[in-house]
Amino acid sequence: MSGTNHKSKIYLLLPLVLMLNAFALKAQEEEFVSGVIVDSGTGKQLAFVNITYNDTGKGTTSNIDGVFELHTRVPVTRLKFSYIGYETLVLDPGTKRKGLIIRMQKKAYSIDEIKVIPGINPAHRIIDQVYKYREINNPEKIRSFSYTSYNKLYFTLDLPPEPGDSLHSSVDSVKKDTVMVQLQNLIDKQHLFLMESVSKRDYIYPDKNYENVIASKVSGFQSPSFILLASQLQSFSFYNDFITILDHKFLSPISKNSKNKYLFILRDTLFTETNDTLFIISFQPKKGKNFEGLKGFMYVNSNMYGIQNVVAEAAENRGLFKIKIQQKYEFLDHQQWFPVQLNTDIILIDPEDTRPSHTAESEGKKVKVIGIGKSYIQDITLYPDLDYNKFNSVVLEVNKNAYYKNESFWRSYRNAPLSSKDSTTYQVIDSLGEAEHFDRMLFMTKTLINGYIPVSIFNIDIGSILNYNSYEGFRLGIGGITNDKLSDRIFFGGHFAYGFKDKEIKYGLNAKWVLSKKLEMDLQASYLDDVRESGSYKFYKTTRSFDSDFFRQFLIEKMDRVSLWEASFGFRMFQYVRARLFFSNSQTTFWYPYLYHIPGSQPPQFINQGTFTEAGIRLRFAYKENFFQSSQGRISLGTKYPVFYGNYIQGLNFLNGEFNYSKFEFRLTQKFTTRSLGTTSLSIDAGIMKGNAPYSVMYNGRGSYKSFTIETENSFGTMRMNEFLSDRFFSFFFRQNFGKLLFKAGWFQPDILLVSNLGVSYLSHPEYHSDIQFKIMDKGYYESGILINNLLNQFFIGYGLGVFYRYGPYTLPKTIDNFAFKFTLSFKM
């Protein structure tokens, strides 16, 4: 009986013992420490801080938001926090294990202080392995993937610290401090700007890409323009040869032969709980190496030597923004490293100084505007079977219902609930945007950037108000076109002008009917009584863009007076081909000393005017050009392939047309960047006219010479205006922008460009053209030059100087006449 009782007691105790043992094991398995790591001065969260425990060398890293979680089976008695640029911190977590706030102190850290020890660099072995596995680990090299991302971007102010001594402050300084206090109270309650979006992306290697923005929310606005801004902040992958940060390209530290350009230092080694090794390596351009490089550090996991974390920024800031990017990768499905979070920090800086300083000043105290962007990538699927037919040239599209999502939708995608500051931002800025008409102001700003001033239902053409060319002198006038407020399908426009040198009035009328926005189909009709350059040519233009070719119009000396009407039909012929069919009739007078000999006329007849009837087509072929599509239209994101332009123009003996001829004109442009040479720009122009016709429809050589003038691309800088005449020509324009690869001295970092142009042309019947001087360029025309851009920078404009020299068969007798001195303008952000 007693034995039975003992057994019963054992049976009763056994479950209790097993439970206690299980709890003990569970407690041992779930030793857990968590918290957030911040900068002790600014309070900013620190990403990818190294955390080890108990001198084991094992541990973890904080995530991209500075949050860390440590799971271990042994009691944690000692934590060590280390981070590049900060003092190492060692502490005992004590009894509190959750919600720790770890404040790390920044230390003075200078790149110049790094001492390079001769011998084998241990970081190089790791970088070699990263490059070896680069193609495998690059997410954009796998067959296909899809994911959903939640994106958040906000702007706020970074205020200077409060003064330490307020007892001896002057009245003025007290006023200044009052303003600072008001600003501090403002940013304590809300951001200056906040936007969120949710998008779904599908990708098939090598270049099938489509991202659909299914939700968008912008404080104070409804315009989709900010979606495009947010999507262009940084490259999705760090594995490409060039990393793009806000449209600027930087040579990647893991590109081919990067060890020759970058200094790599192995800063620390960490062992993960899965027994992988994590190598922390800093990188920066080597001294004396001039290239657009990055500085920062990366965490390389020994598992396939994949990048687990990376922090990078421009080694030297050039432009209005200082941007730091952070990327976090995870090893998904035990097969692929893939980014799961992308962060972007933006600081507006003074373009006169590489130190962050500019943006707003409150009574002499520097106030920095900063932006914080975060993208959380979720619902990742590797190797999905995607339908090729769903992909086209639109790679980023805003869903028409994106602005009408309710809160329950947003809660399902946000990684964390909105803070009170976020909510206040929406409430305050939305009310302010409605009261102050932010969308209207944005529309006006975009219209101004495109060269128009919006006035009610009209957009006034800024270029029509005051202009200049050598023929008309100053040209004063007014012109414009109706805008979307009247109709988004039908537009009416016109212009009126007066030239102070030729003392003539000009005018024109035009209309446009958009048949289909999706198919980019429209009808246009116009009439003008105006002047235009004689012997020129033009190609299909998709947008009203600004480039240096604009400045050539200042130099035009020979113009025809034309009374012209034209009808045209624009459409997308194929996926990558835009086309415009046109038909025109014009009465043209040659307003310069010139007579055209009518071929075969007996007795010889000479005319200085004529009627031209033309029909033709203009094409633009941009292979794999990508677009951003929204309710407001389509915006080109460019292409890495050459862009081809072509014209076919037929002169007709119809509607009193006096000349029968055929013209074929071509242009091919290409721009690309290489690691060692910078950016190469090529342009080839060619044209041929079959038949006979006056100077007006032939080719004038495309010169742009003045002894000192603004430099113009795709023209001959030393060639006099109308120096040559031809009915067949070929021109090649080449420029190599070395950036700062050739020269750099502290803050003085001009861009150095080498330019070479050549051309050849022929004229079948020079005897048909009388009372005018011209040459035939059949021996070949050659010129070369050097441009030094950004000698001086003011806001977002760079000023520079250049010189061209003319050589070869058409060298002029006086040496000085073969030189052309140039003033350059460049625009940068």
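The preceding data block contains the structure.
Overview of the structure. (Residues numbered from 1 in each chain as written. Predicted model: local features only at pLDDT ≥ 70, side-chain atom pairs only at ≥ 80, totals over all residues. Heavy atoms only, no water.)

1. Re the overall build of the protein
In terms of helices and strands, the protein carries nine helices and 45 strands. Within the protein, the fraction of its 829 residues that count as buried is 47%. In the protein, of all internal contacts separated by at least 6 residues, the share reaching a separation of at least 24 is 64%. Only carbon and sulfur atoms are counted for the fraction: they give 57% of the accessible area of the protein, which is about 41400 Å². (Helix = DSSP H or I, 4+ residues; strand = E, 2+ residues; numbered from the N terminus. Buried < 20%, exposed > 50% of the residue type's maximum accessible area, 1.4 Å probe, protein only. Contact = heavy atoms within 4.5 Å. Areas by Shrake-Rupley, 256 points an atom, 1.4 Å probe, with all protein chains shown as cover.)

2. Let's talk about the packing of aromatic side chains
In total, this model carries 60 aromatic pairs according to the counting rule given. Here the aromatic rings of Phe539 and Tyr645 are separated by 6.1 Å at their centres, their planes lie at 50°, and the arrangement is tilted. Of this pair, Phe539 sits in the loop between strand S28 (521-533) and strand S29 (559-574) while Tyr645 sits in strand S36 (residues 643-651), and the two are 106 residues apart along the sequence. With a relative accessible area of 13%, Phe539 lands in the buried category. Owing to a relative accessible area of 15%, Tyr645 belongs among the buried residues under this scheme. Judged by centre distance (6.4 Å) and plane angle (45°), the rings of Phe621 and Tyr623 are tilted. Each residue in the set Phe48, Tyr83, Tyr86, Phe297 and Tyr299 is aromatic and connected to the rest through ring pairs, giving one cluster. The positively charged end of Arg634 is found above the aromatic ring belonging to Phe627, 5.2 Å away from the centroid. (Phe/Tyr/Trp six-rings, centres within 6.5 Å; stacked < 30°, edge-to-face > 60°. Lys NZ or Arg CZ within 6 Å of the ring centre and 35° of its normal.)

3. Topic: the nonpolar core
By size, the foremost hydrophobic cluster in this structure holds 58 residues, and its most contacted members are Phe238, Ile281, Phe283, Leu294, Met298 and Ile307. Judged by nonpolar contacts, the second largest core, of 25 residues, contains Phe68, Phe81, Met104 and Phe297. (Core = buried A, V, L, I, M, F, W, Y, C linked by side-chain atoms within 4.5 Å.)

4. Considering the sheet that holds strand S4 (residues 67-72)
On the basis of which strands lie adjacent, the open sheet formed by three strands has the order S4-S1-S7 and mixed pairing. Only two strands of the sheet have a single partner each, and these edge strands are S4 and strand S7 (100-104). Taken over all neighbouring pairs, the strand axes of this sheet differ in orientation by 30° on average, direction set aside. Summarising the sheet, strand S1 (residues 31-39) and S7 pair through five bridges and their orientation is parallel. Residue pairing for S7: Ile37 is matched across the bridge by Ile102. (Pairing = 2+ DSSP bridges. Axes fitted to C-alpha atoms, helices over the stretch in contact; angles between N-to-C directions.)

5. Brief notes about the side chain of Asn818
By secondary structure assignment, the location of Asn818 is in the loop between strand S44 (797-807) and strand S45 (819-827). A polar side-chain atom of Asn818 sits 2.7 Å from the main-chain amide nitrogen of Leu812. A polar contact is formed between the side chain of Asn818 and the backbone oxygen of Lys814, at a distance of 3.3 Å. Excluding its chain neighbours within four sequence positions, the residues that come into contact with Asn818 are Thr718, Phe804, Tyr805, Arg806, Thr811 and Leu812. (Polar contact = N/O pair within 3.5 Å; in protein donor to acceptor, adjacent residues only side chain to side chain.)

6. Examining helix H7 (residues 420-436)
Counting along an α-helix, one turn takes 3.6 residues, and residues three or four places apart therefore face a common direction. For H7, built from 17 residues, the straight-helix expectation of 24 Å at 1.5 Å per residue is met to within 8% by its first-to-last C-alpha distance of 24 Å. Among all positions of H7, only Asp422, Thr425, Tyr426, Ile429 and Gly433 are buried. An end-on view of H7 places all buried positions within 95° of arc, on one side of the element. Turned more than 90 degrees away from the buried face of H7 sit Ser420, Gln427, Glu434 and Ala435, all of them exposed. Note on H7: the residue one or two positions beyond its end, His437, has a positive phi of about 60°. (Expected span 1.5 Å × (residues − 1). Arc of directions from axis to C-beta.)

7. Some details on the sheet that holds strand S2 (residues 50-53)
Spatially, the four strands line up as an open sheet ordered S3-S2-S5-S6, and their pairing is antiparallel. In this open sheet, the two edge strands, each paired with only one partner strand, are strand S3 (59-61) and strand S6 (89-91). Strand-to-strand twist in this sheet, taken as the mean axis angle between neighbours without regard to direction, amounts to 15°. Pairing between S2 and strand S5 (residues 79-82): four bridges, direction antiparallel. Along S5, the bridge assignment pairs Ile51 with Phe81.

8. Notes on the pattern of salt bridges
Scanning the model with the defined rule gives 38 salt bridges in all. One salt bridge in this structure joins Lys44 and Asp345, with 2.4 Å as the shortest N-O distance. Here the residue Lys44 occupies a position in the loop between S1 and S2, and Asp345 occupies one in strand S18 (residues 336-348), the gap between them amounting to 301 residues. The partly exposed category is assigned to Lys44, whose relative accessible area is 38%. Ionic pairing is found between Asp530 and Arg475, a salt bridge with its closest N-O pair at 2.9 Å. Of this pair, Asp530 sits in strand S28 while Arg475 sits in strand S25 (residues 473-482), placing them 55 residues apart in sequence. Arg475 shares its class with Asp530; the two are buried. Beyond isolated ion pairs, a larger network of salt bridges with shared partners links Arg134, Glu135, Lys141, Asp241 and Arg675. (Salt bridge = Lys/Arg side-chain N within 4 Å of Asp/Glu carboxyl O.)

9. Let's talk about the environment of Lys80
Looking at where Lys80 falls in the secondary structure, it is placed in strand S5. When neighbours within four sequence positions are excluded, Lys80 is seen to be in contact with Asn50, Ile51, Thr52, Thr88, Leu89 and Val90.

10. Re the environment of Ala215
Here Ala215 shows up in strand S10 (residues 208-218). The class of Ala215 is buried, set by a relative accessible area of 0%. The spatial distance from the C-alpha of Ala215 to the C-alpha of Asn401 is 7.4 Å, given a sequence separation of 186 residues. Those residues in contact with Ala215, other than ones at most four positions away along the chain, are Glu196, Ser197, Val198, Ala402, Lys405, Phe409 and Trp410.

11. Here's the deal with unusual backbone geometry
Cis geometry is adopted by the peptide bond preceding Pro206, which originates at Tyr205 and carries an omega value of 10°. With respect to the helices and strands, the residue Pro206 is situated in the loop between strand S9 (193-204) and S10. A cis amide bond, omega -5°, links Gln602 with the succeeding residue Pro603. Even without being glycine, Leu655 reaches a positive phi, approximately 55°. Structurally, the position occupied by Leu655 is in the loop between S36 and strand S37 (661-674). By relative accessible area, Leu655 is classed as partly exposed at 39%. Despite not being glycine, Asn656 has its phi angle at roughly 70°, a positive value. Mapped onto the fold, Asn656 is located in the loop between S36 and S37.

12. A look at the pairing of S18
With 12 of its 13 residues buried, S18 lies for the most part within the structure. Here strand S17 (residues 321-332) runs beside S18; their pairing, made up of 12 bridges, is antiparallel. Bridge pairing in S18 links Gln326 to Asn343. As consecutive antiparallel partners, S17 and S18 are separated by three residues, and within that stretch Asp333 has a phi angle of approximately 55°, a positive value.

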